[in-house]
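A structural walkthrough
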Amino acid sequence: MTAAMRDFSSGAEWLSINTATLRKQWKLDRIVDECARRGIHTIAPWRDQVAAVGLEVLARQLRDTGVGLSGYGRGGFFPAADAAGLQAALDDNRRAVDEAVTLGAPCLVLVVGSLPGALEGRPLHKDIARARREVQDGIAATLEYARSVQMPLAIEPLHPMQAAERACINTLAQALDVCDALDPARSGALGVAVDMYHVWWDPLLATQIARAGRERLLAFHVCDWLTPTRDLLNDRGMMGDGVIELRQARGWMEAAGYAGHAEVEIFSEHWWGRPGDEVLDTCLERHRSVV
């Protein structure tokens, strides 16, 4: 750890729990209470978990417990087979923006989508260039509305293994190119979510984080990459159990001006199979010792 980096070793001030990490153990309202009980005052909930407990119910619970958000997941999935599908995606993203505003999120995270139907195993076409055009057009349209309600959008590049189904933006450089095209003034309305599971391997990572700078670095997600990885979606590692140099990456983020939370986001059948108390306590300990 360099002298310029924040000290995470003694508390949870800069820890956020992405609620997917505990989605199979507890409902969202329980996650909020368990975090608050441990002095963890920041979460990043997913829309389906919010819907299960109720948007207004959660907003009230957040106020009552003093728990805030580091981000809201997710918007995106813009490409579609036809005009009706494209419009439906825009409508859904507008709803996601409104939900993020209601919950006081600092940004809406975008998993941008890719080949329509591929997630269900039935891709309707193979034109990834078309999908990327539709992604940029969808972000542009959503950005116009998000600006009006002051909700920043954070593009999350996903690992190339998910390029067909979940996101056709796969490097930080790609995401920043879209930001530069749609928000050349670097207004803070459009930026990136740097998820280390997806970008740790990128030889340009340090230079692209520096390129992003404070205005574009809207979220920082941490977990670890296991060797071997047995499932490319649901076998993420707990911080410290894999090969990602997390503290080095946080140093790059902070040197570029990032001063937000390190958000623990672990999709893992192993950790979903452990008691929720154990998972949350381990996240807290590893945040202090590894991140």
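Residues numbered from 1 in each chain as written. Predicted model: local features only at pLDDT ≥ 70, side-chain atom pairs only at ≥ 80, totals over all residues. Heavy atoms only, no water.

**A look at a nonpolar patch on the surface**
On the surface, a cluster of nonpolar side chains totalling about 240 Å² of accessible area is made up of W200, W201 and V243. By secondary structure assignment, the location of W201 is in the loop between α7 (196–199) and α8 (205–216). Since its relative accessible area comes to 31%, W201 is described here as partly exposed. (Patch = residues over 30% accessible without salt bridge, like charges linked within 9 Å, V, L, I, M, F, W, Y side chains within 5 Å. Areas by Shrake-Rupley, 256 points an atom, 1.4 Å probe, with all protein chains shown as cover. Salt bridge = Lys/Arg side-chain N within 4 Å of Asp/Glu carboxyl O. Helix = DSSP H or I, 4+ residues; strand = E, 2+ residues; numbered from the N terminus. Buried < 20%, exposed > 50% of the residue type's maximum accessible area, 1.4 Å probe, protein only.)

**Observations concerning the packing of aromatic side chains**
When we look at a pair of aromatic rings, we describe it by the centre distance and by the angle of the planes. Enumeration over the complete set of coordinates arrives at 5 aromatic pairs. A ring pair is formed by W46 and F267, whose centres lie 5.9 Å apart and whose planes are at 65°; its orientation type is edge-to-face. Taken as a pair, W46 in the loop between β2 (42–44) and α2 (47–53) and F267 in the loop between β9 (262–264) and α10 (269–272) lie far apart in primary sequence, 221 residues in all. The burial state of W46 is the same as that of F267; both residues are buried. Feature note: the residues W46, F267 and W272 constitute an aromatic cluster, connected by ring pairs. Over the aromatic face of W14 sits the side chain of R6, whose NZ or CZ is 4.7 Å from the ring centroid. Positioned over the ring face of F8 is R250, at 3.6 Å from the centre of the ring. (Phe/Tyr/Trp six-rings, centres within 6.5 Å; stacked < 30°, edge-to-face > 60°. Lys NZ or Arg CZ within 6 Å of the ring centre and 35° of its normal.)

**Some remarks on the packing of helix α4 (residues 83–102) against helix α5 (residues 128–148)**
Running from N to C, α4 and α5 cross one another at 40°; their axes reach a closest spacing of 10 Å. Between α4 and α5, the interaxial angle falls into the category oblique. For the pair α4 and α5, the sense of crossing is right-handed. Facing L86, L90, N93, R94, V97 and D98 of α4, the residues of α5 in contact are E134, G138, A141, T142, Y145 and A146. By residue class, the composition of the contact of α4 with α5 is 6 nonpolar, 3 polar and 3 charged. (Axes fitted to C-alpha atoms, helices over the stretch in contact; angles between N-to-C directions. Parallel < 35°, antiparallel > 145°, perpendicular 65-115°, else oblique. Left-handed = near helix turned anticlockwise from the far one by under 90°. Contact = heavy atoms within 4.5 Å. Nonpolar A, V, L, I, M, F, W, Y, C, P; charged D, E, K, R; others polar.)

**Thoughts on the layout of surface pockets**
Reported here for the largest pocket is a volume of approximately 490 Å³. Listed by contribution, the elements that provide at least two residues to the lining of the largest pocket are α2, β4 (72–76), β5 (108–111) and α7. When residues in the lining of the largest pocket are grouped by element, the largest group, 3 residues, is from β4. Tallied by class, the residues present in the lining of the largest pocket amount to 15 nonpolar, 7 polar and 10 charged. By volume, the second largest pocket amounts to about 260 Å³. Taken together, 18 residues form the lining of the second largest pocket, with L217, L218, A219, Y258 and G260 sitting closest to its centre. Of all the secondary-structure elements, those providing two or more residues to the lining of the second largest pocket are α8 and β8 (217–222). Take the lining of the second largest pocket: its biggest share by element is 4 residues, from β8. The residue inventory of the lining of the second largest pocket, partitioned by class, reads 9 nonpolar, 5 polar and 4 charged. (1 Å grid on protein atoms, 1.4 Å probe; cavity = no way out; pocket = protein on both sides within 12 Å on 5 of 7 lines; lining within 4 Å. Points joined across faces, edges and corners; volume = space filled by probe spheres on them.)

**What about the pairing of β5?**
Of the two faces of β5, the one holding L108 and L110 and the one holding V109 and V111 are both buried throughout. Relative to β5, β4 runs parallel, the two sharing 4 bridges. Along β5, the bridge assignment pairs G73 with V109. The pairing of β5 with strand β6 (residues 153–155) spans 3 bridges and is classified as parallel. Across the sheet, the residue bridging to L108 is L153, located in β6. (Pairing = 2+ DSSP bridges.)

**Some thoughts on the packing of helix α1 (residues 28–37) against helix α3 (residues 55–65)**
Two elements in contact, α1 and α3, have axes whose closest approach is 11 Å; the angle formed by their N-to-C orientations is 10°. Looking at the two axes, α1 sits roughly parallel to α3. Here L28, D29, V32, D33 and A36 of α1 come into contact with α3, specifically with L58, Q61, L62 and T65. Per-class residue counts for the contact of α1 with α3 are 5 nonpolar, 2 polar and 2 charged.

**A few points about unusual backbone geometry**
In this structure, the amide linkage connecting G73 to the following residue, R74, adopts the cis form with an omega of -5°. Looking at where R74 falls in the secondary structure, it is placed in strand β4. The linkage connecting T227 with the following residue, P228, adopts the cis geometry, with an omega of -5°. Summarising the element assignment, P228 is placed in the loop between β8 and α9 (246–255). Residues other than glycine seldom take positive phi values, yet R186 does so here, at roughly 55°. In this fold, R186 is placed in the loop between α6 (172–182) and β7 (190–195). R186 gets classed as partly exposed once you look at its relative accessible area, which sits at 28%.

Just distances and angles here, no functional claims.
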